Amino acid sequence: MFQANTKTSKARGAFGLLEVIYFSIVRSLRQSHRHAVVGMLMNMVQALTLVFAFFIMFELLGIRGAALRGDFLLYIMSGIFVYITHIKAVGAVLNSEGPASPMMQHAPMNTIIAISASAVSSLYIQFFSLLIILLIYHIAITPISIDMPIAAMGMFLLAWFSGVAVGIVFLAMKPWAPGFVSICSAIYIRANMIASGKMFVANTLPASKLSLFDWNPLFHIIDQMRGFVFLHYNPHFSSWAYTLKITLILLLVGMMGEFYTKRHVSPSWSAGR
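In this text, all values refer to a predicted model and were calculated from it rather than measured experimentally.

Which residues make up the confidence of the model for the protein, and what values do they have?
A low pLDDT score tells you not to read the predicted coordinates there in detail. Looking at the protein, the pLDDT average stands at 81 and 76% of residues meet or exceed 70. At the low end of the mean pLDDT range in the protein sits helix H1 (residues 10-32), at 63; at the high end sits helix H5 (residues 149-173), at 94.

Take a look at the structure:
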């Protein structure tokens, strides 16, 4: 009732918003595990488990020769890390605080801050996990060489960004049909185990098989990533621009759906769930 009105400059408001986002990121990081270092180690173990599982599978099936010229483990990791970064971004945004969450009752908290915090915390964990694993591999096992490291990092960020866009679309639908979204997100993640193309390269696929995968933006990212990582591979059937266009469209649709949901959602929707 008795409140002094103070004028806030645009710069002060921007710094205040960044401060809220920062603390939201810290909170999001601690949600996965109380200690951030332990959480990162668990993420590294998960990534390494997938790498060694695919390594053993390639060895048992005898298809190692079908890989690219270069480091075989780096070939596997280039697909695994992009896939994990993408699906982790989808899961982080999907599980962020929605418009019906009690946290939204505390100003200046809103869904955009919650989404940003979840997305950035996911990127933070995946980036440092990737950096530490590659550093250990480079020092302890064999030196690695990346043909175009800046472009390869761009594909890594695009995988994360596309995952954020997909997650926002799922998040916008979640209050309306939580069960349906849970099933669809699980199918999307499981389907990308194969459809992402991390077990093969596009140049080796016949035209009849290529059409089964080239609809998937993640397939294009992984193939382009390998083109930037390996000197002797030039992807002919994939395009990072296609993924960027699809990502921007999904982001626009997801944000429109999120704003619509935020206006119509009721706290009673989450009661009893």
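Mind laying out the packing of aromatic side chains, listing which residues take part and the relevant values?
Counted according to the given criterion, the structure contains 9 aromatic pairs. Aromatic pair Tyr124 and Phe128: ring centres 5.0 Å apart, planes at 55°, arrangement tilted. Of this pair, Tyr124 and Phe128 are both found in helix H4 (residues 111-141), 4 residues apart, which corresponds to roughly one turn of the helix. You can call Tyr124 partly exposed: its relative accessible area is 38%. Residue Phe128 is classed as partly exposed on the basis of its relative accessible area of 31%. Between the aromatic rings of Phe213 and Phe219, the centroid separation amounts to 5.9 Å while the plane-to-plane angle is 25°, which identifies the pairing as stacked. In this structure Phe213 comes out as buried when scored by relative accessible area, which is 13%. Assessed through its relative accessible area of 2%, Phe219 is described here as buried.

Let's hear about helix H8 (residues 217-229): which residues, and what values?
An α-helical turn contains 3.6 residues, so any two residues separated by three or four positions project in the same direction. Between its terminal C-alpha atoms H8 stretches 18 Å, which fits the 18 Å expected from 13 residues at 1.5 Å a residue. Taken across its 13 residues, H8 has 13 buried, putting it largely inside the fold. The opening residue of H8 is Asn216, an N-cap whose side-chain oxygen sits 3.2 Å from the backbone nitrogen of Leu218.

Can you tell me about the environment of Leu248, naming the residues and giving the values?
With respect to the helices, strands and loops of the structure, Leu248 is situated in helix H9 (residues 240-264). Taking the relative accessible area as the measure of exposure, Leu248 reaches 44% and is therefore partly exposed. A C-alpha to C-alpha distance of 7.5 Å links Leu248 and Ala165, two positions 83 residues apart in sequence.

Criteria and thresholds
- Residues numbered from 1 in each chain as written.
- Predicted model: local features only at pLDDT ≥ 70, side-chain atom pairs only at ≥ 80, totals over all residues.
- Heavy atoms only, no water.
- pLDDT = per-residue confidence, 0-100.
- Helix = DSSP H or I, 4+ residues; strand = E, 2+ residues; numbered from the N terminus.
- Phe/Tyr/Trp six-rings, centres within 6.5 Å; stacked < 30°, edge-to-face > 60°.
- Buried < 20%, exposed > 50% of the residue type's maximum accessible area, 1.4 Å probe, protein only.
- Expected span 1.5 Å × (residues − 1).
- Polar contact = N/O pair within 3.5 Å; in protein donor to acceptor, adjacent residues only side chain to side chain.

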